[in-house]
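Analysis of the macromolecular model
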Amino acid sequence: MREEQFEQHLLRDPEIRSKEKAVRSRLSKARMIENHLNTSLDYVVSDDNRMYETLLKIKEDLNDNNGSISNALRKYYYFANGKTFPTISNYEKVYKR
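Throughout what follows, the structure given in this document is the object of discussion. (Residues numbered from 1 in each chain as written. Predicted model: local features only at pLDDT ≥ 70, side-chain atom pairs only at ≥ 80, totals over all residues. Heavy atoms only, no water.)

For the structure on display, the rule yields six salt bridges. Taking the shortest distance from any N to any O, the salt bridge between R31 and E3 comes out at 2.9 Å. With R31 in helix 2 (residues 19-37) and E3 in helix 1 (residues 3-12), this pair connects stretches of sequence that are 28 residues apart. The partner of E20 in a salt bridge is R24, and the shortest N-O contact between them spans 3.0 Å. Taken together, the residues span about one helical turn, with E20 and R24 both in helix 2 at a distance of four residues. On the basis of relative accessibility, which here comes to 60%, the residue E20 falls in the exposed class. What emerges from the salt-bridge pattern is a single network uniting D13, E15 and K75. (Salt bridge = Lys/Arg side-chain N within 4 Å of Asp/Glu carboxyl O. Helix = DSSP H or I, 4+ residues; strand = E, 2+ residues; numbered from the N terminus. Buried < 20%, exposed > 50% of the residue type's maximum accessible area, 1.4 Å probe, protein only.)

Structure (C-alpha cells):
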C-alpha cells in the first residue's frame, strides 16, 4: 500500500468530514486487510475480479457487517484507479453471469 499518498488522498476527500479520526481509521483498516490477506492492496485493486473476491472475503472472514472495512478497500481502489468499484450485486450482474 502506498500509505503516505493514500493518506493525502483521504485528507483531500470531500466526503470525509472528520478528517483526522476518519483518515486514521481507514488507514488502520487498510493495514488490517493487508495483514489478513498477507498481500498488498495495490495487488488487490489491480484486478477487478480480485477486488470482488477480496470484498467477499472481507465480509466473511472479518465480519464486516457495517461495511467499514470494505469501505477502506473501496477508497483505496478509487485512489489507485480513479473510479469507484461497483456494488457487489452490480458486479455480479455484469460479470458473473
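The discussion continues.
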